[in-house]
Amino acid sequence: MLVYPSGLDLSSSHLRFLTARLRERRRAIGSRWRRLSAGRQALLALAHLRNGHPYAQLAAGFGIGTTTAYRYITEAVDVLAGLAPSLAEAVQGASTKAFVLLDGTLLPTDRIAADRPFYSGKHKKHGMNVQVLADPAGRLLWASPALPGAIHDIRAAREHGIIDTLADADIKSWADKGYRGVGGTVRTPCWGRWETLSTGQQAVNRSHAKIRALVEPAIATLKTWRLLRKLRCSTTRITHLVQAVLTLHLTGSNWGWKRLPTLSCGMG
């Protein structure tokens, strides 16, 4: 397999953060020797998450076996997922905001047509439903565990406890028509065809749409991680991947986002 140098459009703080967490894990489990250092393992995992390259290509680029690459990446993802904030923590952090934005997105998978639980009639494709909370500026605050794509946004929000948690914290949230009737502190547009709405209702819906549109950058943030654009792994691993990406995003946000040309890796 041919190998060539490649780069990652990530901050070096992501690499430092994950390297430190992997070193802590190695000390905790008493790992003495690895084919890759903690820093190289972190770079391997970041390359997989950011660019979505297959294990075989990454293994060739890093000079290790495919099975070893899979184990190292899985370990790093699990470490990151364990650091992701819970819904309660995210809502507590959002308590100082005027409101939050709630929306759902579908992460496409390679499930076959027979996998009906994963088929979204709304999006006309197979995938996993992930609920997203964003602040009024459109910054990602929290992403939910993944549920089969056939599950409606209202049901997903209730199963995750989002509605009750926001209501208990008395935080208003803006959502689209798909959440109509969910209750709590969730605000949805006026229901009905545009031509049947009164002038006041139309004005309300215009304002609502402008506010709710700010959630799109938060959803786009998830999908800048190319692995999430077309998932080919087991559906049982997708929640860990989403939580790992959330942790890395929040880490980059807290440490400051500055793209540096220092993250490079060999690719096959």
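Shown above is the structure to which this text applies.
All values derive from a computational prediction rather than experimental measurement.

### Looking at the nonpolar core
Leu44, Leu49 and Leu133 are the most contacted members of the largest nonpolar core, which has 73 residues in total. The element that contributes the greatest number of residues to this core is helix 2 (residues 38-51), accounting for eight residues. Those residues in contact with Leu49 that lie beyond four places of it in its chain are Val77, Leu80, Trp225, Arg226, Leu227, Leu241, Val245 and Leu248.

### With respect to the packing of helix 2 against helix 3 (residues 55-62)
When two helices pack together, their arrangement is given by the angle between their axes and by how far apart the axes lie. Between helix 2 and helix 3, the shortest axis-to-axis distance is 11 Å and the interhelical angle comes to 145 degrees. Helix-helix and strand crossings are classified by hand; for helix 2 and helix 3 the assignment is right-handed. Together, Arg40, Leu43, Leu44, Ala47 and His48 of helix 2 and Tyr55, Leu58 and Phe62 of helix 3 make up the contact between the two elements. For the contact of helix 2 with helix 3, the residue count by class is six nonpolar, one polar and one charged.

### Considerations on the packing of aromatic side chains
Going through the model one piece at a time under the given rule, you end up with two aromatic pairs. Ring centres 5.3 Å apart and planes at 85 degrees place the aromatic pair Tyr55 and Tyr70 in the edge-to-face group. Taken together, the residues span a long stretch of sequence, with Tyr55 in helix 3 and Tyr70 in helix 4 (residues 66-81) at a distance of 15 residues. Judged by its relative accessible area of 25%, Tyr55 is partly exposed. Between the aromatic rings of Phe99 and Trp174, the centroid separation amounts to 5.0 Å while the plane-to-plane angle is 50 degrees, which identifies the pairing as tilted.

Conventions used here
- Residues numbered from 1 in each chain as written.
- Predicted model: local features only at pLDDT ≥ 70, side-chain atom pairs only at ≥ 80, totals over all residues.
- Heavy atoms only, no water.
- Core = buried A, V, L, I, M, F, W, Y, C linked by side-chain atoms within 4.5 Å.
- Buried < 20%, exposed > 50% of the residue type's maximum accessible area, 1.4 Å probe, protein only.
- Helix = DSSP H or I, 4+ residues; strand = E, 2+ residues; numbered from the N terminus.
- Contact = heavy atoms within 4.5 Å.
- Axes fitted to C-alpha atoms, helices over the stretch in contact; angles between N-to-C directions.
- Left-handed = near helix turned anticlockwise from the far one by under 90°.
- Nonpolar A, V, L, I, M, F, W, Y, C, P; charged D, E, K, R; others polar.
- Phe/Tyr/Trp six-rings, centres within 6.5 Å; stacked < 30°, edge-to-face > 60°.

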